[in-house]
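Spelled out from the first residue to the last, the chains are:
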Amino acid sequence: MEEPFDEDLCVELYCEVEETSPTSRTDSKDDCRQSDGKVPCPSVETVFYVSSEQVTQHVVTPAGEVESYTTIYCKEGEILEEEMGTTTSTPGGQDSIQVSTEPKNEPISEPASTTEHKTQLESLLEDLGLKHHFMEKLSLSTILQIDEKTCTDEPTKCYSDLPGYFLKKMMMVNVKARNVEFTSECESACDAESDETGFEDFYDFYDGSNSLNSNNRLNPLDIITALFLCSDGFVQQEMALKMSMCQFSVPLLLPNCDTKQCSLMLWAMRDIVKKYRPLLLSESKGFIEDRIVVSKLPMVSFVRLGECSLSKSDTLNKLLSSSQQNHDIFVHRNMTNGDCPRRISNGLTEITWYLPCGNKNMDVFGEPVAVANLRGDIASFEMQFSFLCHTSAAVFVFFDSLDSECKMLSNQHHKAQIFLVGNRQSQGFSMDAVKKVAKKLNLTKSYILLKDKQMNDATFVKNLHKTVKHVVENTQVKMQIEQMADIAHELGVLVDEDCPECQTAKTNADAITGKIKHIPKYKDDHLPLHGEIWKKLTFLEKEECRLHNVGSKNIEMYKSDLQREKEELRKEQNLYDLSEAMTCFISAISIPGIERSYFLKWMRMNLDNLSRQKLSGLREGYKNKKKSSENKEEIKEIDRQLSNSSLGIEHFFREMGQIYEASVSLPESSPSRQQFKHLPRLCAGLLLDGFPLELVDGDASNIPLRWVTDVLSQLNDLVSPKSKLLVATVLGVQSTGKSTLLNTMFGVQFAVSSGRCTRGAFMLLIKVNENVKKELNCDFMLIIDTEGLKSPELAQLDNSYEHDNELATLVVGLSDITIINIAMENSTEMKDILQIVVHAFLRMKEVGKKPRCQFVHQNVADVSAPEKNLRERELLLEQLNEMTQAAARMEKKEENKSFTDVMEYNPATGNQYIPGLWNGSPPMAPVNAGYSEAVYELKKNVIQILGKCESSANDILEFTEWIRSLWNAVKHENFIFSFRNSLVADAYMRLCTEFNKWEWEFKKEMYSWTNDAEIKISNFGSVECEVSNIGQLLTDLKSDACLVLSEWETKLLENLDKYFKQTEGHVNLVEAFRADFANSAKSLRREMESSVHNQLTVATDVRKGMTEIDKIKVNHTKEVEKRVGALIEECRKKKVDMTDKKLDEEFDKMWNKMVKEQVLYKQETMDVIGNVFYYLRNNLSHKGSHVCQLLSKTKLQDCGKMPFKVSAEGFINKTVHKVSKYFNWQDHVMVLQQIADGIIMDCSQFVKEKKERKNNYHNTFIQEILHMIDESLKNQKNVKIEIEFEVSLKQHICAVAARDFQEMHEDFIQLNDPHICLNQNKERFRVNFKDEFHERDQCQKNAKDFTDYCLRPAVENFINRSLGPDIIGEMKTRIQFSTRMFFQYSVLLDLLSKDKFEDYHSFICSYEWYVKKWILDEMDKVLTNESLSEFEDRHLGSRIKSINDAIQKAQAKEGGNLQELIKDIRQELREKLVISEDALGPFMILNNVKHKEFAQWLTDCVKEMEENIKEQLKKTNIKTKLANLDVQPENELFKSVIGCSKRCPFCEAPCEAGGIDHKEHTTSLRRPSGLGRYRWHGSKKLVIDICTSVVSSDCRFRCDATKGEWHPYKEYTTIFPDWRIAPDKSLKDSDYWKYVLKRFNKEFSEAYNAEPADIPDTWNHITPQIARESLKSSFNIK
């Protein structure tokens, strides 16, 4: 009795087929069938049932075929039962074989588990790693992003690597993309138990017949099908386009083997544009260019019925290839992996096109034809076959055997002609069956093609070609692929364009483009803002910078008129209502998601179609006119028409940009402004999605700066903060494949259609994957595509070179790497390009950019090109050097002699050779594999160079600033001197700030060191010293000073090197200033060395001078001690009671007698005036004998009693001076007076500082003064300094200084007179006398006196000597003192807030005086006792600690008396404090003191002194403290902020350049000349011109430096080579001083004895707030 059926015992099987007849294998690409010639061969399938667990194997069974299987039940190696069975597969599906018969004779204890059923498609997608992309489709942004595999050549190792490999190759249009395979790391092995089953022979046969295991390989068609199924419409479109370029067949009908549905890939093919020349146009050399889906062409289809031993795909490849070259258009069995079984691509219908070139000898067909190829048996894919029959002119059916009924062929209702193609050599062939079918289908002999034994492949293909050609030439059935959609709908075939997003987008796009009849009129009506108005605005913007047409007009008035014209044009733009087209356009791109992308693609395709039709005729006319050089005007007109008739999606975005720019010119609250404020964000989203944004409008040659910068600002908000960009650009001649190069490198889609070459520049964003962000140090790559240089369309125009230079300078400046694309055919053109490019590189080098470049030589095909081109590379370098010298002359930078001076360039690595794009003659030529590989190498090289960039990448806002600053400089003609960039300014500001910190640390250290050194010198002779000679001490100290100075100089230079090695902060932008700061460090060292040596010399000489006086003082003290001792003994002997009054009388008698008996020491007074004259005469001795005469005319003591006045000598000079003075002009006399006043002020300050220190005069003082004068005069390079002026100035300054120094010297002598010092201590001697007489304990009192008279003055002196540098350091932490630029900004902002004419007048006319006063006022505001207490307490604490330590050490010594104790204390403090000898005298005599008790009291007194000093410091006001300081902070601060003290030769604005020794002077904010006392000759009105404007104009100037000759402002650097006057970053930058002149016009005119200036109307709109914003902008304050 049979056991009941149990479903749990069913085993689900996927069987693997083993071929039984390898000799009869057919093309597995086409058929994958095995046959014995008559009946289908059964497959042997193996299933193991092991331990009740299910074993599953996969098999692909073609639909509709019978499949045999054998089920073998086993247990422990025994065969229990074999059972045969059959199953029939379903069309397009996979077989699932279930065996429900359980094993006989052996019950199964555990039922088999059932696994999840996977379809063939799911299984393959999982293997390929695409499973999740079946629902979430692959997007372009995903596949184009730069990741670790972008530039690696690692072999594929598993199935999941294959799609990426294919896409990577395909995006770079590599014809090897279909050669996909991988090397498996693990080999499949047989089951260990298989030896026991008795199937060894089976496995030997299996392995022998399938030595390359197909499990490790995939058919390329499966990968292509999988990718098309898993990609969105845009990736599909891109793949179809690239495949078409490679001359691969592309999917026409895409199958889904799970749903049994297929889709017409209409959208995927939409972007394919083909250009060809049919036979009819061969004579005229015309051509047809159109989208392939709208081209009406006959289609010939090729299908297979049943088994077929002929390779259909291979036959098609031979049919479509020329005799010279065979190309694998269709995948076939003999290709890599072409013989692998297809898992999901059966039912795939591919299409390709044969397009003629118009050459009879080369064309296979004279007319264009589409060729379709269905994969698989039509019996299994009736839907695809039916579709082809309805759309084709002819269908060629390949077969081996035919069913005489042939229902598949007879059931089709269609117009297509059926052709039968058979192989008589096949075993299943039956001629009778063929005849029956032919009769049934009414086919004549010509419709049947048979290959017999006598016919080789070439003959067979020739016969097939003849038949197809006849069909193509005679058929009336021609159809667009677009029209096939209707047939597809009728047959139930899906159409990829039917998705609602695509259809809605198409409707929206058609609504806009459908109304375009006449392009120029349409642009005028619907896109009016970016037309002539925008071009006029462009002209006005450039004219504002270049001032070509200013003529005799006042420049500022002219610029004001230009601004008014711009405002009127903006108003005109705002008068236009938003057109219907732009309303629809903005509405459509406002829809987020995929629909927006579809809309933009539809728009681009529609517009390209329209433009292509219109431009073809114009291009023909251009070509004809260009042949005649006399037609320059006509060529210009055609170029204008080309521009007007060109309509692309960029025109809509231009219009959008102008709508936005016009709206932002309205008030903030305007409804129109609010309406359009979202537009930049919309465009930023598109840029982020990978859509190109127009950077430079090629028609207007302008950047809509506000629009572009706001879009990028919004982009910055959309991405993660501080996202970094690396920028790559391509430059080269027009039509040399620049866009194609970028498209191939990065897989992007810059327009390359022949409708119109790229105009302007476009930028496109590519994401960088997370795993390579650190390696590249960026988040995005920005690719810039530019129009061709030396464009034929522009070559006839007058400004073509200027246009090319502007574009090249801009994009090179924006780029991290520039690819220079050179076509080798035209050496003259190449030379022109090199000149433009080298010019751009030179400009970048001069403004701080480090350009990198790669030269790409296209159309170099020879494998030995690099070696053969060695001479060419050397020649290229020679040309580059030549171009560099030419560009350097033009830019007035002739120190650049060779290309390598401009940038790092190695001829061996800086050149890439790329073969031609096409492998053969288009239109049927595929892309050259060598081209793709060479471009891939270039891409790897470019990314490698970018990864090694030393400088940091820009973030988006920094990139925006580069656009703004570069374009602003480009609009000016003198780029290098016009360039101003806030990033450069920021980097320079940071460098200045850092250098100022290092500089101050250096100075502070030297202040401290010098202070300690002076203490040592001052204590020399009073305490024990390591050297016995003060001269030796000076030598040692000078030597030590040199070591310290050298260490700090080295430290400064190391800090500078370290600063420039960092990658952040854009330090590369200020590389040009590196030498200036290095020189400043060296100059600082020299300056400090001179200052320190002078101070040490002065201190030593003063100490030497005091030695004699100190000896006399000591003798006086001893004499007092002797006489007081005698007086005490005398008084004690008297019997009278000695009251204090009597003691005083006795002491006075003794004192008076002693003083009378003393020999008064009279110190010699130096003749300072005589010494000064001696050094003055030495200083001038090398100037010649005339100087001696000048010096002898007037005695030095008679000089300097009246203010110094420069007078004009001679009648003519006097007359000129009078006229100049009347008209307030600056003649030579007035210039010299200004110079003299400045020098006199500096010298007076120096003398004042010396006097305040109350030291003795030293000859180095006058030497320093003379050095200061010489340096100042030497710096006046632009002014002729006559010897008479120099002598009289030096006499005046030296005479005034000599009198002051004489007074200082006499005061010092008076202060240190021994007799006076003795009398000053009289009362202290008296007190000691009384105490000694009464034998009182003097410990407490003397300790108090020692503290008050000796220690406290020394401590207070130390605090005063140390506090000055502390205050300077504290003030330097304030932002206003961090750099000269911040200081200027702070002063000007303060002036604006005070709004007082007197302050402005003082600032302009007495700049240095005002600045010093401002610094003091600022110190008074900033500094408080609380803020200084930290420094005071620190210095006080350090000295108190030193004193207490000294007391303890002195006290520890046994024995001794008070004198020895004090001597020991002084010895310990020898390097800490200077104790006055005068104050110390009374302690050294008559002291009835026990030194231990004295030491204890002294400790208490010191503690009390500390508290008293603290209390006193709290009560002392700031001004008093500042007055007592040894180092005056205001003077040091003044030196640091005044810098080189140079003033602009035109507007008197002070130089703000950092460092001491800079090569160029610069200032951030210029002034109207009227504020510098300039007025017009006739009207006497103050001049309103600003030097930033006049240096760009054709105006001229004359001054003392030009020797009264007129000189062009544009060439001001020849007169003032050390000044750099860059134009304003914007026209608003000078608004601050415009406001000042407007505000105080009347007051300035009265003060300058002039008439008020004529103020332009636009100035009247400047408010204090606008002036403040202008100030912030000028100084780059955020």
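What counts and how
Residues numbered from 1 in each chain as written. Predicted model: local features only at pLDDT ≥ 70, side-chain atom pairs only at ≥ 80, totals over all residues. Heavy atoms only, no water. Helix = DSSP H or I, 4+ residues; strand = E, 2+ residues; numbered from the N terminus. Buried < 20%, exposed > 50% of the residue type's maximum accessible area, 1.4 Å probe, protein only. Contact = heavy atoms within 4.5 Å. Areas by Shrake-Rupley, 256 points an atom, 1.4 Å probe, with all protein chains shown as cover. Pairing = 2+ DSSP bridges. Expected span 1.5 Å × (residues − 1). pLDDT = per-residue confidence, 0-100. Axes fitted to C-alpha atoms, helices over the stretch in contact; angles between N-to-C directions. Left-handed = near helix turned anticlockwise from the far one by under 90°. Nonpolar A, V, L, I, M, F, W, Y, C, P; charged D, E, K, R; others polar. Parallel < 35°, antiparallel > 145°, perpendicular 65-115°, else oblique. Core = buried A, V, L, I, M, F, W, Y, C linked by side-chain atoms within 4.5 Å. Phe/Tyr/Trp six-rings, centres within 6.5 Å; stacked < 30°, edge-to-face > 60°. Lys NZ or Arg CZ within 6 Å of the ring centre and 35° of its normal. Salt bridge = Lys/Arg side-chain N within 4 Å of Asp/Glu carboxyl O. Bend = angle between axes of the 7 residues up to and from the residue.

K.L.:
Looking at this model, I keep getting lost on the overall build of the protein. Mind explaining?
P.N.:
Per the secondary structure count, the protein includes 61 helices and 25 strands. Across the 1678 residues in the protein, those meeting the buried criterion constitute 56%. Within the protein, residue pairs in contact and separated by at least 24 positions form 77% of the contacts whose partners lie at least 6 positions apart. As displayed, the protein offers around 73,700 Å² of accessible surface, 49% of which is attributable to carbon and sulfur atoms.

K.L.:
Can you walk me through unusual backbone geometry in this structure?
P.N.:
Phi is mostly negative for residues that are not glycine, and the peptide bonds are mostly trans. In this chain, Pro922 is followed by Pro923 through a cis amide linkage whose omega measures 10°. Relative to the assigned elements, Pro923 resides in the loop between strand 22 (911-914) and helix 33 (929-947). The residue Asn442 is not glycine, and still its phi comes out positive at about 60°. Structurally, Asn442 can be placed in the loop between helix 11 (431-441) and strand 14 (448-451).

K.L.:
So what exactly am I meant to see when it comes to the pairing of strand 19 (residues 780-786) here?
P.N.:
Working note: regular strand, side chains alternate between the two faces of the sheet. Counting buried positions over the seven residues of strand 19 gives seven, a clear majority of the element. Neither face of strand 19 is left uncovered, since the one carrying Phe780, Leu782, Ile784 and Thr786 and the one carrying Met781, Ile783 and Asp785 both have all their residues buried. Two strands pair when backbone bridges link them, and strand 17 (residues 724-732) and strand 19 are joined in this way by six bridges, in the parallel orientation. The partner of Ala728 across the bridge, within strand 19, is Ile783. Across seven bridges, the pairing between strand 18 (residues 760-767) and strand 19 is antiparallel. Bridge assignment links Lys767 to a residue of strand 19, and that residue is Phe780.

K.L.:
What is the right way to look at helix 43 (residues 1228-1252) in this model?
P.N.:
Since the α-helix packs 3.6 residues into each turn, any two residues three or four apart lie on the same face. Here helix 43 contains 25 residues, and its C-alpha end-to-end distance of 36 Å stays within 8% of the 36 Å for a straight helix at 1.5 Å per residue. Count one or two residues on from helix 43 and you reach Lys1254, which has phi positive near 55°.

K.L.:
Before we go on, may I ask you to explain the confidence of the model for the protein in this structure?
P.N.:
Close reading of the predicted structure is inappropriate where its pLDDT is low. Taken as a whole, the protein shows an average pLDDT of 80; of its residues, 83% reach a score of 70 or greater. Within the model, the stretch residues 186-212 combines pLDDT values under 50 with 16 contacts to residues more than four positions away or in other chains. Confidence drops under a pLDDT of 50 for residues 1210-1217, and excluding neighbours within four residues, the segment shows seven contacts in the predicted structure.

K.L.:
Could you clarify how one ought to interpret the packing of helix 49 (residues 1380-1394) against helix 59 (residues 1631-1639) in this entry?
P.N.:
The axes of two packed helices give the description: the angle between them and the distance between them. Relative orientation of the contacting elements helix 49 and helix 59 amounts to 35°, with a least axis distance of 12 Å. The hand of the helix 49/helix 59 crossing is left-handed. Judged by residue contacts, Leu1388, Leu1389, Leu1391 and Leu1392 of helix 49 engage Tyr1632, Trp1633 and Tyr1635 from helix 59. Looking at the contact of helix 49 with helix 59 residue by residue, the classes come out as seven nonpolar, no polar and no charged.

K.L.:
For this particular structure, what's the right way to read the pairing of strand 5 (residues 250-256)?
P.N.:
Of all seven residues in strand 5, seven are buried, a share of seventy percent or more. Looking at chain direction, strand 5 and strand 10 (residues 349-354) are connected through three bridges and run antiparallel. Paired with Leu253 across the strands is Thr349, a residue of strand 10. With four bridges joining them, strand 5 and strand 6 (residues 261-264) adopt antiparallel strand pairing. Each bridged residue has a counterpart across the sheet, and for Leu254 the counterpart in strand 6 is Ser263. Count of turn residues in the strand 5/strand 6 antiparallel hairpin: four residues, of which Lys260 carries a positive phi of about 65°.

K.L.:
Explain the packing of helix 50 (residues 1397-1405) against helix 51 (residues 1407-1422) to me, please; I cannot follow it from the model alone.
P.N.:
Helix 51 packs onto helix 50 with a crossing angle of 120° between their chain directions and a minimal axis gap of 5 Å. The orientation of helix 50 with respect to helix 51, classified from their angle, is oblique. Between helix 50 and helix 51, the residues in contact are Asp1399, Ser1402, Phe1403, Ile1404 and Cys1405 and Tyr1407, Trp1409 and Tyr1410, respectively. Split by residue class, the contact of helix 50 with helix 51 holds six nonpolar, one polar and one charged.

K.L.:
What exactly am I supposed to notice about the sheet that holds strand 12 (residues 394-399) here?
P.N.:
Adjacent strands of a sheet form backbone hydrogen bonds with each other and so pair up, either parallel or antiparallel. Across the sheet, nine strands lie side by side as 14-13-12-9-11-10-5-6-15; this open sheet has mixed pairing. On the outer flanks of this sheet lie strand 14 and strand 15 (494-495), each paired with one strand and no other. Bridge count between strand 6 and strand 15: two bridges; the pairing is parallel. Opposite Ser263, over in strand 15, you have Leu494 as the bridge partner.

K.L.:
Sorry if this is basic, but what is going on with the nonpolar core here?
P.N.:
A general trend in soluble globular proteins is that nonpolar side chains are found buried together. Of all hydrophobic cores here, the largest spans 159 residues; its most connected members are Leu252, Leu264, Phe302, Trp353, Phe396, Leu409 and Leu420. Discounting residues that sit within four places of it in the chain, Leu420 has contacts with Val397, Phe399, Leu402, Leu409, Val437, Leu443, Tyr447, Ile448 and Leu449. Among the nonpolar cores identified, the runner-up in size contains 122 residues, and Tyr988, Met989, Met1419 and Tyr1648 belong to it.

K.L.:
Explain the packing of aromatic side chains here, please?
P.N.:
The geometry of an aromatic ring pair comes down to the distance between the two centres and the angle between the two planes. A complete count under the given rule lists 51 aromatic pairs for this structure. Pairing Phe399 with Phe429 gives two aromatic rings, centres 6.2 Å apart and planes at 20°, and the pair type is stacked. You can see Phe399 sitting in strand 12 and its partner Phe429 sitting in the loop between strand 13 (417-423) and helix 11, a full 30 residues away along the chain. Grouping residues by exposure puts Phe399 and Phe429 together as buried. One aromatic cluster in this structure is built from Phe1397, Tyr1400, Phe1403, Tyr1407, Tyr1410, Tyr1632, Trp1633, Phe1640, Phe1644 and Tyr1648. We note Arg178 situated over the ring of Phe248; from NZ or CZ to the ring centre the distance is 3.7 Å.

K.L.:
I would appreciate a short explanation of the pattern of salt bridges in the present structure.
P.N.:
A pair can form between side chains of opposite charge whenever their charged atoms are brought close. Across all of its chains, the model carries 69 salt bridges by this definition. With a shortest N-O distance of 3.6 Å, Arg1326 and Asp1144 are connected by a salt bridge. Remark: Asp1144 occurs in helix 39 (residues 1140-1157) and Arg1326 occurs in helix 47 (residues 1322-1333); sequence separation between them is 182 residues. By relative accessible area, Arg1326 is classed as buried at 9%. Here Glu1303 makes a salt bridge to Lys1251, at a shortest N to O gap of 3.9 Å. Of this pair, Glu1303 sits in helix 45 (residues 1283-1311) while Lys1251 is found in helix 43, placing the two residues 52 residues apart along the sequence. Taking relative accessible area as the criterion, Glu1303 reaches 40% and is therefore assigned partly exposed. The structure contains a network of salt bridges with shared partners spanning Asp271, Arg291, Lys601, Arg604 and Asp608.

K.L.:
Looking at this structure, I do not really get the environment of Val369. What am I missing?
P.N.:
Assignment of secondary structure puts Val369 in strand 11 (residues 369-377). For Val369, a relative accessible area of 1% puts it in the buried group. Counting along the chain gives 104 residues from Val369 to Glu473, while the straight-line C-alpha distance between them is 9.6 Å.

K.L.:
How should I be thinking about the environment of Met1505 in this particular structure?
P.N.:
The residue Met1505 is located in helix 55 (residues 1491-1515) in this model. Overall, the relative accessible area of 2% leaves Met1505 in the buried class. The residues contacting Met1505, other than those within four sequence positions of it, are Thr1347, Leu1351, Arg1352, Val1355, Ile1440 and Ile1443.

K.L.:
Sorry if this is basic, but what is going on with helix 48 (residues 1339-1372) here?
P.N.:
In a regular helix each residue adds 1.5 Å, so 34 residues correspond to 50 Å; helix 48 covers 47 Å between its end C-alpha atoms and thus fits that length. Along helix 48, the largest kink reaches about 40° and is centred on Leu1351; proline Pro1353 follows within four residues of it.

K.L.:
Help me understand the side chain of Asn317 in this model?
P.N.:
On the secondary structure map, Asn317 appears in helix 8 (residues 312-320). When its relative accessible area of 0% is taken as the criterion, Asn317 is described as buried.

K.L.:
Explain the environment of Asn1360 here, please?
P.N.:
Mapped onto the secondary structure, Asn1360 falls in helix 48. Each C-alpha atom of the pair Asn1360 and Ala1523 lies 9.5 Å from the other, and the pair is 163 residues apart in sequence. Residues within four places of Asn1360 in sequence aside, it is in contact with Asn1524, Leu1525 and Asp1526.

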